[in-house]
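Letter by letter, the chains look like this.
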Amino acid sequence: MLPFAFVEKGCDGMPDGAVTESMTGSRLAWMPPPYAEPDRFSEHEVTVGAGPLAVPGTMSVPSKQAPGPGVVLLAGGGPFDRDETSGPNKPLKDLAWGLASRGATVLRFDKATYARRGVAAASDLTMTQEYVPYAVDAVGLLRSHRSVDPERVFVLGHSMGGKVAPAVAAAAPAVAGLVIMAGDTQPMHHAAVRVVSYLATVFPDQVPPAVIETFQRQAALVDSPELTPSTPSSDLPFGLSAPYWLELRDYDPVAIAAGLSKPMLILQGGRDYQVTVSDDLARWRTGLAGRPEVDIRVYEADNHLFFPGTGPSTPAEYGTPQYVDPAVIADIAHWLSRCEG
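Residues numbered from 1 in each chain as written. Predicted model: local features only at pLDDT ≥ 70, side-chain atom pairs only at ≥ 80, totals over all residues. Heavy atoms only, no water.

Undergrad: What should I look at first to understand the pairing of strand S8 (residues 294–299) in this one?
TA: Every other side chain in a regular strand lies on the same face of the sheet, so the side chains alternate between the two faces. Across 6 bridges, strand S7 (residues 264–269) lies against S8 in parallel orientation. What sits directly across from Leu267, in S8, is Arg297. The handedness of the S7 to S8 crossover, carried by helix H10 (residues 277–287), is right-handed. (Pairing = 2+ DSSP bridges. Helix = DSSP H or I, 4+ residues; strand = E, 2+ residues; numbered from the N terminus. Right-handed = clockwise from strand over helix to strand, strands pointing away.)

See below:
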């Protein structure tokens with residue numbers, strides 16, 4: 001969800017002093033997680049998309065094996081690079097290296113809002129434009145690769161990437177299944193109010209009531225019939241365009257997922273305050289109840305990035321070098337190995 005990428009970066013009235021993560025890097029070098037085995041795979045650069053808005057990506061290819069599963073990784077909301085770099089952490093790189101070490105060919109790519117100047121500020125940008133064409137192209141790249149069984153290409157999305165994953169599968173019927181990690185289902189403008197209210201309890205001296213009131217006012221405008229394509233982005237949450245919000249307002253990832261006849265693995269961190277068990281996972285559970293091909297799992301100790309910890313989660317956790325929970329990597333790899341799509 002977008003508060004991960006924007007609220008905690010000091011945008012829209014959030015104080016920079018409350019920020020401990022940076023999407024663009026850190027002085028601390030990323031180190032491979034213990035479960036990564038770099039001698040079991042190689043990596044090469046790819047181009048995702050076409051024309052002036054094509055973006056660079058990385059494909060991680062297992063060594064010396066028969067064709068196996070392929071996985072497209074989708075980052076969360078905001079201008080993330082292919083690794084979903086957050087301070088010293090690279091959760092999508094953790095996933096790519098962990099899964100490639102276990103036999104999956106993994107493709108991750110820079111979002112256009114990161115790689116191409118001006119895309120994020122485009123007045124007509126929508127979530128679909130931001131994600132779907134690139135994800136569909138990435139699916140095609142994997143299906144044509146020698147290391148991949150073309151009938152076993154999956155989409156794994158984190159946060160907003162998980163929210164949009166059902167739309168990708170609807171646009172690319174060849175997708176064999178979905179892995180949704182902390183995929184938000186609560187309307188994002190409502191979630192923004194909830195998240196910033198939570199942060200006010202964590203940083204009471206840095207998040208004044210006026211900040212919450214701003215988000216409440218912006219959320220009310222999104223809900224209002226007064227929202228039109230010409231509504232100034234400055235009046236809307238995170239400064240996103242009115243077309244972005246008009247699409248999101250009516251977007252229901254659970255309903256789209258319910259219309260898919262595909263296996264799904266839905267993962268949630270128990271300590272996640274951005275996408276929560278009660279506000280978001282509950283909707284997945286209700287909307288996909290009785291579906292034997294849907295596997296839902298909660299990792300009680302994990303936060304939004306699936307980093308294990310204790311106590312209430314705060315933004316400070318994103319600034320400490322950590323890795324995606326090894327149990328998450330193992331569970332995804334096992335699910336892929338037994339899932340034929």
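Picking up after the structure, the text goes on.
Undergrad: Help me out: how do you make sense of the packing of helix H2 (residues 91–100) against helix H11 (residues 326–338) in this one?
TA: Packed helices, taken two at a time, are described by the angle their axes make and the gap between the axes. For the pair H2 and H11, the least separation of the axes is 10 Å and the interaxial angle reads 50 degrees. When the axes of H2 and H11 are compared, the pair comes out oblique. In the packing of H2 onto H11, the handedness of the crossing is right-handed. Residues Asp94, Leu95, Gly98 and Leu99 of H2 form the contact with H11, whose own contacting residues are Ile329, Ile332 and Ala333. Partitioned by chemical class, the residues of the contact of H2 with H11 number 5 nonpolar, 1 polar and 1 charged. (Axes fitted to C-alpha atoms, helices over the stretch in contact; angles between N-to-C directions. Parallel < 35°, antiparallel > 145°, perpendicular 65-115°, else oblique. Left-handed = near helix turned anticlockwise from the far one by under 90°. Contact = heavy atoms within 4.5 Å. Nonpolar A, V, L, I, M, F, W, Y, C, P; charged D, E, K, R; others polar.)

Undergrad: What am I meant to see in the side chain of Gln186 here?
TA: Along the chain, Gln186 falls in the loop between strand S6 (177–181) and helix H6 (188–202). Apart from residues lying up to four places away in sequence, Gln186 is in contact with Lys163, Ala191, Arg194, Asp279, Asp280 and Arg283.

Undergrad: Honestly, the environment of Ala121 in this entry has me stumped. Any pointers?
TA: When you line up the elements, Ala121 lands in the loop between helix H3 (112–115) and helix H4 (127–143). On the basis of relative accessibility, which here comes to 67%, the residue Ala121 falls in the exposed class. In this structure, the C-alpha to C-alpha distance between Ala121 and Pro315, residues 194 residues apart in sequence, is 25 Å. (Buried < 20%, exposed > 50% of the residue type's maximum accessible area, 1.4 Å probe, protein only.)

Undergrad: Quick question: what am I supposed to make of the sheet that holds strand S4 (residues 105–109) here?
TA: Paired through their backbone hydrogen bonds, the strands of a sheet run either parallel or antiparallel. With respect to topology, 8 strands assemble into an open sheet ordered S1-S2-S4-S3-S5-S6-S7-S8, the strand pairing being mixed. The sheet is open, and its two borders are formed by strand S1 (41–48) and S8, each paired with just one other strand. Here the average twist between neighbouring strands, direction ignored, is 20 degrees. Helix H5 (residues 160–171) rests against strand S3 (68–74), strand S5 (148–158) and S6 of the sheet, and its axis sits at about 140 degrees to S5.

Undergrad: Where do I start with the pattern of salt bridges in this structure?
TA: Any two side chains of opposite charge can pair if their charged atoms end up close together. Using the criterion set out here, one finds 16 salt bridges in the structure. A salt bridge links Glu43 to Arg108; the nearest nitrogen and oxygen atoms lie 3.0 Å apart. With a gap of 65 residues between them, Glu43 in strand S1 and Arg108 in strand S4 connect regions that are remote in the sequence. Residue classification places Arg108 among the buried positions, given a relative accessible area of 3%. Glu151 serves as the salt-bridge partner of Arg143, at 3.5 Å between the closest nitrogen and oxygen. (Salt bridge = Lys/Arg side-chain N within 4 Å of Asp/Glu carboxyl O.)

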